[in-house]
Amino acid sequence: MKNKDKAMLPISREEVEVDGVYTNEWGREEVLHRGDDFPSDPMLGTTEWQLSEFLFDNHHEGRTDPRLVPKEDDTDKIGKITHPRRQQQGGDPQ
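The paragraphs below set out a description of the structure included in this document. Keep in mind that what you see is a predicted model, and the values were worked out from it rather than measured.

Reading guide: rules and limits
Here the residue index of a chain counts from 1 through its sequence in written order. The predicted origin of the model limits local features to residues at a pLDDT of at least 70 and limits the giving and counting of side-chain atom pairs to 80 or more, whereas totals for whole chains, interfaces and linings rest on all residues. Calculation of side-chain values draws on the structure's entire complement of heavy atoms; hydrogens and water are dropped beforehand. DSSP-based pairing: two strands are paired if at least 2 bridges between them are found. Only runs of H or I of at least four residues qualify as helices and only runs of E of at least two qualify as strands under DSSP, and these elements are numbered from the N terminus. Fitted lines through C-alpha atoms give the axes, limited to the stretch in contact for helices. The angle between two N-to-C directions lies from 0 to 180 degrees. Any Lys or Arg side-chain nitrogen located within 4 Å of an Asp or Glu carboxyl oxygen qualifies as a salt bridge. Residues enter patches when they are more than 30% accessible in relative terms and free of salt bridges; like-charged ones are connected within 9 Å and nonpolar ones (Val, Leu, Ile, Met, Phe, Trp, Tyr) within 5 Å. The method behind every accessible area is Shrake-Rupley, applied with a 1.4 Å probe, and residues are considered shielded solely by the protein chains displayed. Under the counting rule used here, the positive set is Lys and Arg, the negative set is Asp and Glu, and His together with the chain ends is not counted. Here the site of a charge means atom NZ of a Lys, CZ of an Arg, CG of an Asp or CD of a Glu.

**Things to note about the sheet that holds strand E3 (residues 49-54)**
Line of reasoning, step 1. Spatial ordering of the open sheet is given by E2-E1-E3, a layout of three strands whose pairing is antiparallel. Unpaired on one side and paired on the other, strand E2 (29-32) and E3 mark the two borders of the sheet. Neighbour to neighbour, the strand axes of the sheet diverge by 35 degrees on average, direction disregarded.
Line of reasoning, step 2. Here strand E1 (residues 20-24) runs beside E3; their pairing, made up of five bridges, is antiparallel. By the bridge assignment for E3, Tyr22 is matched with Leu51.

Shown next, in the form of structure tokens:
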């Protein structure tokens, strides 16, 4: 995202849109589910929340696979499918 600094993070009492682990301005982590309201911080009151991990039922350790976490300045595009035509076709060559 080009204007990431200007993106508005959700604040307390807004509705959660994605299941995940969220972190507030002071680093407090909270597991929240879609439809919940973002809680207020006991010390700060209303605070901003940022999604730090997605929740998946298939992770044994409860942590998001590092390969699934988007990188800010990922310049290593080699080997990544960035366009549908770069996908490998299976089957016998004719």
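**Re the pattern of salt bridges**
Line of reasoning, step 1. Within this structure, the stated rule accounts for two salt bridges.
Line of reasoning, step 2. The salt bridge involving Arg28 is made with Glu30; its shortest N-O contact spans 2.9 Å.
Line of reasoning, step 3. The salt bridge involving Arg28 is made with Asp41; its shortest N-O contact spans 3.6 Å. You can see Arg28 sitting in the loop between E1 and E2 and its partner Asp41 sitting in the loop between E2 and E3, a full 13 residues away along the chain.
Line of reasoning, step 4. One network of salt bridges, with partners in common, ties together Arg28, Glu30 and Asp41.

**Some thoughts on a negative patch on the surface**
Line of reasoning, step 1. A contiguous patch of negative charge on the surface is contributed by Glu14, Glu15, Glu17, Asp19, Asp36 and Asp37.
Line of reasoning, step 2. Along the chain, Asp19 turns up in the segment before E1.

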